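So you can see what is in the structure, the chains are spelled out below.
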Amino acid sequence: MKWMQEQSKYENTAYVALWGLLFAAPLLSLYIRTINDSSLTFNWQEVWLIWRHFWVYLLIFVVHNFILAPLLIFRHKRWLYALLTACMIGAFAFYQCSSKPDHMRRHQPHDMEMHESGPMGDRFGHEPPPEFRGEKPEFRGERFDRRPPAFIGEHDIVAIVIVILMCGMNLGIKLYFKTRNDQKKLLALEKENLEQQLEYLRYQINPHFFMNTLNNIHALVDIDPEKAKDTILELSKMMRFVLYEGDKKGVPLTKEFEFIRHYVTLMQLRYTDKVRISVDLPQEAPDKQIPPLMLITFIENAFKHGISYQHESFIDVKVAVNDKLHFTCRNSKADKPNEEKGGVGLKNVKQRLNLLYDNNYTLNIQDEPDVYHVELTIPLL
């Protein structure tokens, strides 16, 4: 997968850089020493001696990085990883302790060895050791130290700790890169899911809107054929917007406002003077964008549920634009509102707002006995 290849690329680059610096350190150190002290010469044997120890650490790192660590990170085999890592560190500890040079071990002096002549003297007439003469031996530093040589020393412990820390650091780096790429993968999946949900909601809006508009035209055909013709013209303009702009992530504010004006004009053809409709939209708008068909749902809902044929009704729509878009829509409430089944309406637009803006928007709906009031504030794209 692409994200795994990217992880391997950056991770291996970091490892190469770290090991390159580590192997270059002895060369740099010896070079600086030869510059500061003219009596010293560049000794490659000293460098190779240090590199010989580094190669052992590098071999352990390669085994852990490419064989053991993937068991834990990618296959989740914790016990197998712990067992094999412990065995590797144990093998290194045995190698480190058993490969010490002879001068690092404590040997008994040659003149203290027992000879064939027994405890009372040897064949050369030398005096036996003090302990065989009943005397307390005289200790001079470590010359008469008869303790067996230590199997593990201070340097061995330091080397083992270094190996453990190296494996831990390697595991931490791999977990960091894996976590970072898992987050990228999760964000990509969330974005894909978001786009699919928005696409589904847009496909819901289009037939829902056209269904209501065609119902309006059907009602006008018998009442006023001339108005029906004007309505069809307005509808053609609106269809052009929906077909060419409705599937985009954002449309210019001017086009969205123009679409709202066409819709309100279409709806005004259907109602009498008893319905007061006020639409206050900016004549000039900044070069910003808004998700298409976002505001029309509230306006459509106002016409559907706020118009009464028995008494006066009103719909007030206002939009203000600064750094954000502020939308308000107030409408009266009909005695028997037009309840159409199967609509998506407010549920749809709330889902879109949540998907698009998360918590970066405010929607306040006040459902009073006589007035329905909507206030929406959203950032501009």
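Being a predicted model, the structure only gives us computed values, none of them experimental.

1. Overview of the overall build of the protein chain
For step 1, the next point in the chain: What the protein chain contains, in helices and strands, is eight helices and seven strands.
For step 2, the next point in the chain: Expressed as a percentage of its 381 residues, the buried residues of the protein chain come to 37%.
For step 3, the next point in the chain: Taking the contacts inside the protein chain whose residues are at least 6 apart along the sequence as the reference set, 73% of them involve residues at least 24 apart.
For step 4, the next point in the chain: For the protein chain, the exposed area adds up to about 24,500 Å²; of that, 59% sits on carbon and sulfur atoms.

2. Looking at the side chain of His262
For step 1, the next point in the chain: Relative to the helices and strands, His262 resides in helix 6 (residues 253-268).
For step 2, the next point in the chain: If we ignore the near neighbours within four places in the chain, the residues touching His262 are Glu234, Lys237 and Met238.

3. Examining the nonpolar core
For step 1, the next point in the chain: Membership of the largest hydrophobic core comes to 44 residues, with the highest contact counts inside it found for Leu295, Ile299, Phe303, Leu325, Phe327, Leu376 and Ile378.
For step 2, the next point in the chain: Looking at this core, the elements that each hand over two or more residues are helix 5 (225-245), helix 6, strand 2 (275-280), helix 7 (296-306), strand 4 (313-321), strand 5 (324-332), helix 8 (345-357) and strand 7 (371-379).
For step 3, the next point in the chain: Here the element with the most residues in this core is helix 6; it accounts for eight residues.
For step 4, the next point in the chain: With sequence-adjacent residues up to four places away left out, Leu325 is seen in contact with Leu253, Phe257, Ile290, Leu295, Val319, Ala320, Leu376, Thr377, Ile378 and Leu380.
For step 5, the next point in the chain: Among the nonpolar cores identified, the runner-up in size contains 28 residues, and Tyr15, Tyr57, Phe92 and Ile160 belong to it.

4. Thoughts on the pattern of salt bridges
For step 1, the next point in the chain: Counted by the stated rule, this structure contains four salt bridges.
For step 2, the next point in the chain: Ionic pairing is found between Asp316 and Arg330, a salt bridge with its closest N-O pair at 3.8 Å. Taken together, the residues Asp316 in strand 4 and Arg330 in strand 5 connect sequence positions 14 residues apart.
For step 3, the next point in the chain: On the basis of relative accessible area, Arg330 is assigned to the partly exposed category, the value being 32%.

5. Section: the packing of aromatic side chains
Aromatic ring pairs are described here by two measures, namely the spacing of the ring centres and the angle between the planes.
For step 1, the next point in the chain: Under the criterion given, the structure shown has 12 aromatic pairs.
For step 2, the next point in the chain: Ring centres of Tyr15 and Phe61 lie 5.0 Å apart, and the angle between their planes is 80°; on these two criteria the pair is classed as edge-to-face. Residue Tyr15 is found in helix 1 (residues 2-36), and its partner Phe61 is found in helix 2 (residues 44-73); the two are separated by 46 residues along the sequence.
For step 3, the next point in the chain: Using a relative accessible area of 6% as the deciding quantity, one classes Phe61 as buried.

6. Focus: the packing of helix 2 against helix 3 (residues 78-98)
Packed helices, taken two at a time, are described by the angle their axes make and the gap between the axes.
For step 1, the next point in the chain: Between helix 2 and helix 3, the shortest axis-to-axis distance is 9 Å and the interhelical angle comes to 170°. Of the possible angle classes, the one that applies to helix 2 and helix 3 is roughly antiparallel. Across from Val56, Tyr57, Ile60, Val63, His64, Leu68, Ala69, Leu71 and Leu72 in helix 2, the residues of helix 3 making contact are Arg78, Leu80, Tyr81, Leu84, Thr85, Met88, Phe92 and Tyr95.
For step 2, the next point in the chain: The residue inventory of the contact of helix 2 with helix 3, partitioned by class, reads 14 nonpolar, two polar and one charged.

7. Details of helix 3
For step 1, the next point in the chain: Taking 1.5 Å of rise per residue, the 21 residues of helix 3 would be expected to cover 30 Å, and the 30 Å separating its terminal C-alpha atoms lies within 8% of that figure.
For step 2, the next point in the chain: Every buried residue of helix 3 is listed here: Tyr81, Thr85, Met88, Ile89, Phe92, Ala93, Gln96 and Cys97. The buried side chains of helix 3 occupy one side of the element, clustering within an arc of 160° when seen end-on. Opposite the packed face of helix 3, turned more than 90 degrees from it, sit the exposed residues Trp79, Leu83 and Phe94.

8. Some details on a nonpolar patch on the surface
For step 1, the next point in the chain: Taken together, the side chains of Leu28, Tyr31, Ile32, Ile35, Phe42, Trp44, Trp48 and Trp55 make up a nonpolar region of the molecular surface, amounting to roughly 900 Å² of accessible area.
For step 2, the next point in the chain: Those elements that place two or more of their residues in the nonpolar patch are helix 1 and helix 2.
For step 3, the next point in the chain: The leading source of residues in the nonpolar patch is helix 1, at four residues.
For step 4, the next point in the chain: With relative accessibility at 48%, the residue Tyr31 sits in the partly exposed group.

9. What about the sheet that holds strand 6 (residues 362-367)?
For step 1, the next point in the chain: Taken together, the five strands give an open sheet; going across it, the order is 2-4-5-7-6, and neighbouring strands pair in mixed fashion. Strands at the two margins of the open sheet, each flanked by one partner only, are strand 2 and strand 6. Within the sheet, the average angular offset between the axes of one strand and its neighbour, ignoring direction, is 5°.
For step 2, the next point in the chain: Looking at chain direction, strand 2 and strand 4 are connected through six bridges and run parallel. Across the sheet, residue Ser278 finds its bridge partner in strand 4, namely Asp316.
For step 3, the next point in the chain: Across the sheet, helix 7 is in contact with strand 2, strand 4, strand 5, strand 6 and strand 7; its angle to strand 5 comes to roughly 5°.

10. Some thoughts on the environment of Arg330
For step 1, the next point in the chain: Along the chain, Arg330 and Gly306 lie 24 residues apart, while their C-alpha atoms are 9.1 Å from each other.
For step 2, the next point in the chain: Discounting chain neighbours no more than four positions away, the residues touching Arg330 are Phe314, Ile315, Asp316, Val371, Tyr372 and His373.

Analysis parameters
- Residue numbers restart at each chain and count upward from 1, following the sequence in its written direction.
- Per-residue local features of the predicted model are confined to residues with pLDDT of at least 70, and side-chain atom pairs are confined, for both listing and counting, to 80 or more; whole-chain, interface and lining totals are unaffected and use all residues.
- Excluded from the side-chain calculation are hydrogens and water; included are all heavy atoms of the structure.
- A run of H or I in DSSP counts as a helix once it spans at least four residues, and a run of E counts as a strand once it spans at least two, with each numbered from the N terminus.
- For every residue, the accessible area obtained with a 1.4 Å probe (protein chains only) is divided by the maximum for its type, and the residue is called buried under 20%, exposed over 50%, and partly exposed between those limits.
- Note on definitions: a residue-residue contact is assigned when non-hydrogen atoms from the two residues lie within 4.5 Å.
- Working definition of accessibility: Shrake-Rupley area with a 1.4 Å probe, residue cover restricted to the visible protein chains.
- The criterion is simple. A nonpolar core is a set of buried Ala, Val, Leu, Ile, Met, Phe, Trp, Tyr and Cys residues joined through side-chain atoms within 4.5 Å.
- We define a salt bridge as a side-chain nitrogen of Lys or Arg found within 4 Å of a carboxyl oxygen belonging to Asp or Glu.
- Only Phe, Tyr and Trp rings take part, Trp by its six-membered ring, and two of them pair if their centres are within 6.5 Å. Stacked means planes under 30 degrees apart, edge-to-face means over 60, and tilted covers everything else.
- To obtain an axis, a line is fitted to C-alpha atoms, over the contacting stretch when the element is a helix, and the angle between two such axes runs from 0 to 180 degrees between their N-to-C directions.
- Orientation labels follow simple angle bins: below 35 degrees gives roughly parallel, above 145 gives roughly antiparallel, 65 to 115 gives roughly perpendicular, and whatever is left gives oblique.
- We call Asp, Glu, Lys and Arg charged. Ala, Val, Leu, Ile, Met, Phe, Trp, Tyr, Cys and Pro are nonpolar, and the rest, Gly among them, are polar.
- The span you would expect from a helix comes to 1.5 Å times its residue count less one.
- Each C-beta atom gives one direction from the helix axis, and the arc is the one those directions make.
- To count toward a patch, a residue needs a relative accessible area over 30% and no salt bridge; like charges are then connected within 9 Å, while nonpolar side chains (Val, Leu, Ile, Met, Phe, Trp, Tyr) are connected within 5 Å.
- Strand pairing is assigned whenever DSSP detects at least two bridges linking the two strands.

So, to be careful, I would describe these as geometric facts and stop short of saying anything about function.
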